[in-house]
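Summary of the model geometry
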Amino acid sequence: MKSDPFRVCGTGFFLSFSMLSNGNGTETLHMNRSHTVLIGRRPAWIFRRTFVVLLSVTAPLCSQAEGQSANRPNVILMMADDLGFSDLGCYGSEISTPNLDQLAADGVRLSQFYNTAKCHSSRICLLTGRYPFQAGGEAMSAGPTIAEVMKENGYFTSMTGKWHLQDQPTDRGFDRYWGHLSGATNYFTGDNTFRLNGQPWNEFGPEFYTTDANIDFATRFITEAVSSGKPFFHYIAFNAPHYPLQAKEVDIKRYKGKYSEGWDSIRQRRYQRQLDLKLIRPEFALSPRPDYIPAWHELTDKERAWEEARMEVFAAMVDCLDQNVGRLTNFLKQQNLFENTLILFCSDNGACPFERTKGRSLPASSPESYWCYDVGWAHVGNTPFRWFKQNQHEGGISSPLIAHWPAVLKNQADTISHQPGHLIDLVSTICDATNSTFPESFRNEPCTRPQGQTLLPVLKGQERIAPEFMYFQFSNNRAIRVNNWKAVSANGGRWELYDMTNDRSELNDLADSNPDKLSELIKKWHDVAENVDMAPRNLRKPASDKAPTFPEKSRTRRTARPGGVQGVENWKKPHDQMSTERRWASAIQQPSRRRSWKSPPTGWFHQAAALSNGGATKRNLTVNPDRWNPTSAFWLTGSSPENRPTRAPGNPDGLNDHRSE
């Protein structure tokens, strides 16, 4: 094992280190066992076996002035996981996020920044600047990653966190990597996909927490970058706040009782704060709560306690993420790197609505727990928008974007830009900011430039030429935006049309009143899907005319839920239209019969939905198809909303661990 000693300058002292080659292409930084070093606010427990150490963050790096070019900025790109549009304080939340709020106050926020509504496809877009299939899917085989581009342009490249794609980061241009290859992980004990520079890593100690470790290793890699004399590009893919909802008890305690007023009140407060911040315009109304989410006051005491607990843990995870952003920014300041580092922060999709809880009886501070929240709080996370993760409505695809770069954006402090942007724009933005050249070939084949366009003019307060279109697709969810017109289809259901200038909340469907524009956009979507994104044929099938709803199997089963009724399974076989509707409603209550009843009979959707909404107007239901709940169809029997039952059959407390994997 070859040792190459070197010294790193601190403040008034020197430490001796050695770089040890492991014989597998990786190197490890070693120091004497007697040293104890604190990294930010956490002990260096992660180095208890190899005794790898970072420089103390109180000591500026003397190599910075010698090796780093002052003309080339460093770049830190951060992506949160399943963070909703309104989950940060600077985007309307009550969750404490002072560090990200400060970056926003000293930088630029985008109010119309888009992702793909799904974890892995958003990462493809972020890393390649192309739409998912256009980039070659999870293999990203059609062009270089941003790490490969930056490395070619003289940058030290590193990554920490979630990968969720093919190969490993060290195969795709990252000089250093620590994190997990999986799509989700246990926050306290990790999983078997953790890697350090391509090699398995399992140094999980009693104080391990994934969000903290992301920054422990980020500061380590940045230290190595500065020692190399190169500017750095570092990508942090936080797993937080993706399920399982697991948080440290000290963080959970800060939110005890904070959510006792429930999701209706919290959502209204977030919306008002967004208006006060001028993040959204008053024309963008707060979308109504879908009827498959019970009103808070309809829940039992036991149900409310469970929902409060879930949201307390989610808030604690976001809080912890923000604490670690603060650790990182403090490190950059102490190393005199902060001023000339471009920091970009975003999320991979809207809030996640899927109920998959296991181990509910265990505390969320236990590694044995596996909590989730579902549509109730996800609807809050996406305030003021509709739908969720996976859907291409604004609730699924809208993300915060915070850009901070003191050396260049000082005059833009606390600016909110309303120009649209997309994850595919980040590669071109980073290349533009760092004056990096995009390669003309990749793997010995000609390579075209990314689909995305630079956002640097937007960040500097200028108008950029709007892209010809913004395209969205995941599974059977699809959308396209051309200028201020957007066509969107959820879960393979009917196309809707919205004017984003006046109705970004997507409440006034113009499909019927403007069929020519809708046809134009549908045609455009299919053209882009086939000829630009090159999506498979099975994902380009025509949408249906059905009005979709969120699937019941992915929601928490509650005592108080719209449509809960006893005895519907006793209805007799149909002989007329009304009986057919009854039979369909009965099938909803009987899982063994659901598969043969994919959609309700035609011509009765609005009547059923109006009844299930307690007499809501047909206009609102027409423009809010996700308000329809198939389990509400039983009201067609003639029972009035005032006399409707509230209990679901066979589910007395509504609190079982129902889930969908």
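Residues numbered from 1 in each chain as written. Predicted model: local features only at pLDDT ≥ 70, side-chain atom pairs only at ≥ 80, totals over all residues. Heavy atoms only, no water.

**What to know about the pattern of salt bridges**
For clarity, the cut-off: For this analysis, a salt bridge means a side-chain nitrogen from Lys or Arg found within 4 Å of a carboxyl oxygen belonging to Asp or Glu. A run of DSSP states H or I qualifies as a helix once it reaches four residues; a run of E qualifies as a strand once it reaches two. Both are numbered from the N-terminal end. The classification of residues rests on relative accessible area computed with a 1.4 Å probe and restricted to protein chains. Under 20% of the type maximum is buried, over 50% is exposed, and intermediate values are partly exposed.
Under the definition given, this model contains 34 salt bridges. Salt-bridge contacts for R109 lead to D414; the nearest nitrogen and oxygen are separated by 2.9 Å. Remark: D414 occurs in the loop between α11 (406-409) and β15 (415-417) and R109 occurs in strand β7 (residues 108-114); sequence separation between them is 305 residues. Taking relative accessible area as the criterion, R109 reaches 5% and is therefore assigned buried. Residue E283 pairs with R281 through a salt bridge whose shortest N-O separation is 3.0 Å.

**Remarks on the pairing of strand β20 (residues 477-482)**
Using the following cut-off: Two strands pair under a simple rule: DSSP has to find at least two bridges between them.
Of all six residues that make up β20, six are buried, and the element is covered over most of its length. Judged by which residues are buried, β20 turns out to be covered on both faces: N477, A479 and R481 on one side and R478, I480 and V482 on the other are all buried. Both strand β19 (residues 470-474) and β20 contribute to a ladder of five bridges, which runs antiparallel. Bridging from a neighbouring strand, Q473 pairs with R478 of β20. From the end of β19 to the start of β20, which pair antiparallel, there are two residues, and S475 there has a positive phi angle of about 55 degrees.

**Observations regarding the confidence of the model for the chain**
The condition that has to hold: Each residue carries a pLDDT value, the predictor's own confidence for that position, ranging from 0 to 100. When checking whether two residues touch, look at their non-hydrogen atoms; a contact exists if any pair is within 4.5 Å.
In the predicted model, the chain carries a mean pLDDT of 80, and the fraction of residues at 70 or more is 74%. Residue range residues 1-68 is modelled with pLDDT below 50. Its contacts to residues more than four positions away, or to other chains, number 141 contacts. Confidence drops under pLDDT 50 across residues 563-661; counting only partners more than four residues distant or on other chains, this segment forms 196 contacts.

**Side note on the side chain of R540**
One can find R540 in the loop between α14 (515-531) and α15 (577-589). Among all residues touching R540, those that are not within four sequence positions of it are R478, W525, H526, A529, E530 and A535.

**Observations regarding the nonpolar core**
Our working rule: Working definition of a nonpolar core: buried Ala, Val, Leu, Ile, Met, Phe, Trp, Tyr and Cys residues. They are joined through side-chain atoms within 4.5 Å.
Counting 73 residues, the largest nonpolar core has I76, M78, I222, L332, F345, W377 and I402 as its most contacted members. Aside from chain neighbours lying at most four places away, what touches M78 is I236, F238, V325, L328, I343, L344, F345 and C346. Ranked by size, the runner-up nonpolar core spans 64 residues in total, among them I124, A147, I424 and L497.

**Structural notes on the packing of helix α2 (residues 98-105) against helix α8 (residues 301-334)**
Definition in use: Axes here refer to lines fitted to C-alpha atoms; in helices the fit is confined to the stretch in contact. Angles between the N-to-C directions go from 0 to 180 degrees. These descriptions rest on fixed angle ranges, namely under 35 degrees for roughly parallel, over 145 for roughly antiparallel, 65 to 115 for roughly perpendicular, and the rest for oblique.
Two numbers describe how α2 lies on α8: the axes approach to 7 Å, and their chain directions differ by 60 degrees. Regarding the angle of α2 to α8, the classification is oblique. Between α2, through P98, N99, L100 and L103, and α8, the contact on the second element is made entirely by L321, D322, Q323, V325, G326 and T329.

**Focus on the environment of P363**
Tracing the backbone through its elements, the reader meets P363 in the loop between β13 (341-347) and α9 (375-381). Note on P363: relative accessible area 44%, which makes it partly exposed. For the pair formed by P363 and A247, sequence separation is 116 residues and the distance between their alpha carbons is 9.4 Å. When near neighbours in sequence (up to four residues on either side) are disregarded, P363 contacts S369 and W371.

**A few points about the pairing of strand β22 (residues 496-499)**
Going residue by residue along β22, you find E496 and Y498 tucked away on one face and L497 and D499 tucked away on the opposite face as well. As defined by bridge partners, strand β21 (residues 485-489) adjoins β22 across four bridges and the pair is classed as antiparallel. In the strand pairing of β22, V488 is matched with E496. Where β21 folds back on β22, the antiparallel hairpin that results is connected by six residues, among which N491 adopts a positive phi of roughly 55 degrees.

**Describing the side chain of D509**
Quick reminder of the rule: Any N or O atom pair separated by 3.5 Å or less is treated as a polar contact, with the protein-specific requirement of one donor-capable and one acceptor-capable atom, and with residues adjacent in sequence counted only for side-chain atom pairs.
Along the chain, D509 turns up in the loop between β22 and α14. Only 3.0 Å separates the side chain of D509 from the backbone nitrogen of L497, close enough to count as a polar contact. In this structure the side chain of D509 is engaged in a polar contact, spanning 3.0 Å, whose partner is the backbone nitrogen of A511.

**Notes on the sheet that holds β20**
One open sheet accounts for four strands, arranged β19-β20-β21-β22; its pairing is antiparallel. Since the sheet does not close on itself, it has two edges, and those belong to β19 and β22, each with one partner. On average, each strand axis in the sheet is tilted by 10 degrees relative to the strand beside it, whichever way the strands run. When β20 meets β21, the two strands line up antiparallel, connected through five bridges. Within β21, the residue paired with V482 across the bridge is W485. Contacting β19, β20, β21 and β22, α14 crosses the sheet at an angle of about 110 degrees to β20.

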